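Observations on chain architecture
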Amino acid sequence: MIAVEINACSKINLCLEVLRRRTDGYHELATVFQAVTLADRVRVAPREEAGISLQVLGETVPDGRDNLAWRAVEAYQQMRHWPEGAAITLVKNVPVGAGLGGGSSDAAAVMQGLAELDPQPPDAHELAAAMAALGSDVPFFLTHGTAFGRSRGDELVGLADLPACWIVLTRPEFSVSTREAYELLEPQDFSDGGRAHQMADAIDSGAEIEEIAELVANAFSRPLTERWPVFSELRRALREAGALAAEITGSGSALFGLFGAAEPAEAARAQMAAQGRWARVVQPVPVDTELVEGVE
Ligand code: C5P
């Protein structure tokens, strides 16, 4: 094998509670992550000569050290003293600054791709620790599927696959910086994590999608909507189109609408697109989906 190609899927947070601000500046979370089918395509090829090359196609993102995928190669090299160099190609489909985890997923794909090709790969624990050092959301993409995240969102427990559902993603024209979104939180936005735990239990006990939808929530919803009323318009548009629940994912700026059937989801997407909005219909990625492909 000379390279691997990976479908670096994106994620939504079906429930995101912020418990408190920690002394290290991060926030303690209780969140339910769900991997969804919108994905970047990441090609990873180790090289015997030194140097990293990064080619990005699609969305405008940095193609140097500012890109987390580049730093993922460096972190891997530090961990394993291998490879000498690497050529990375990213085909970007996931919008940036949207709360969909695109950059984190690319970084996880780079690390996973290198581990796949490494003659002496690290164990899963070491790999997950290196991923967590790159960013709070990165380790989720090693397991994907559905997972409960605590601490910074990097301590994960796998959950049962979600029942069949269709998810409409849309977003305003702007992106939101994660750091700035955290700064907008006030004590009233903090909660005890009970709802996220309740959702995790519901998913694990095979609850219907309607029951899971009732527990959808996001701590950033109040401050982001107060600052940008368009979030309230988009949430309402998704609900009026038949979404069982509609909420911001991560720290925004994307929102998701959860649908129990394909047709209304497609109609909602078409309606958003007709208004000039970015919109996609996606589905959950089950945990046993093979996302890595070898290139001979
Ligand atoms: O971990 P990551 O680099 O993705 O986090 C980006 C920023 O988001 C952090 O610098 C921090 O300001 C904020 N953050 C936080 N609590 C978390 C995750 C992120 O405060 N659990």
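Quick summary incoming for the structure in this document. Since the structure is predicted, the reported quantities are computational estimates derived from the model, not experimental observations.

**With respect to the site of the ligand**
- Taken together, G25, Y26, H27, L29, G135, S136, R152, T178, R179 and Y182 form the complete shell of residues around the ligand.
- Between H27 and the ligand, the recorded distance is 2.7 Å, taken from a side-chain N or O atom to an oxygen atom.
- Between the ligand and the protein, one listed contact pairs an oxygen atom with a side-chain N or O atom of S136 at 2.5 Å.
- In isolation the ligand offers 450 Å² of accessible surface; the protein chains occlude 78% of this area.
- For the shell around the ligand, the secondary structure elements donating two or more residues are strand 2 (27-47) and helix 5 (178-184).
- Here the shell around the ligand gets three residues from one element, more than from any other, and that element is helix 5.
- For the shell around the ligand, the per-class residue count stands at three nonpolar, five polar and two charged.

**Section: the packing of aromatic side chains**
- Summed over all chains, the structure comprises seven aromatic pairs.
- On the basis of an interplanar angle of 80 degrees and a centroid distance of 6.3 Å, the ring pair of W228 and F231 is categorised as edge-to-face.
- Residue W228 is classed as partly exposed on the basis of its relative accessible area of 23%.
- Three or more aromatic residues link up through ring pairs in this structure, and these residues are F33, F140 and F141.
- Residue placement shows R152 over the ring face of Y26; its charged tip is 4.9 Å from the ring centre.

**What to know about helix 10 (residues 262-274)**
- Between the first and last C-alpha of helix 10 there are 18 Å, a value that for 13 residues agrees with the 18 Å anticipated at 1.5 Å per step.
- Every buried residue belonging to helix 10 is among A265, A268 and M272, and all of these are buried. Down the axis of helix 10, the buried side of the element spans an arc of 60 degrees, and every buried residue falls inside it. Residues of helix 10 that are exposed and point more than 90 degrees away from the buried face comprise E263 and A274.

**Some points on the nonpolar core**
- Counting 41 residues, the largest nonpolar core has V42, I88, V110, M111 and L134 as the members making the most contacts within it.
- For this core, the elements supplying multiple residues, two or more each, are strand 1 (3-21), strand 2, strand 3 (51-58), helix 1 (68-80), strand 4 (85-92), helix 2 (102-117), helix 3 (124-134) and helix 4 (140-143).
- In terms of residue count, the dominant contributor to this core is helix 2 (eight residues).
- Grouped together as the second largest cluster of nonpolar side chains are 34 residues, A98, F148, I212 and V216 included.

What counts, and at which threshold
Residues numbered from 1 in each chain as written. Predicted model: local features only at pLDDT ≥ 70, side-chain atom pairs only at ≥ 80, totals over all residues. Heavy atoms only, no water. Near = heavy atom within 4 Å. Polar contact = N/O pair within 3.5 Å; in protein donor to acceptor, adjacent residues only side chain to side chain. Areas by Shrake-Rupley, 256 points an atom, 1.4 Å probe, with all protein chains shown as cover. Helix = DSSP H or I, 4+ residues; strand = E, 2+ residues; numbered from the N terminus. Nonpolar A, V, L, I, M, F, W, Y, C, P; charged D, E, K, R; others polar. Phe/Tyr/Trp six-rings, centres within 6.5 Å; stacked < 30°, edge-to-face > 60°. Buried < 20%, exposed > 50% of the residue type's maximum accessible area, 1.4 Å probe, protein only. Lys NZ or Arg CZ within 6 Å of the ring centre and 35° of its normal. Expected span 1.5 Å × (residues − 1). Arc of directions from axis to C-beta. Core = buried A, V, L, I, M, F, W, Y, C linked by side-chain atoms within 4.5 Å.

Worth remembering: the numbers are spatial, not functional.
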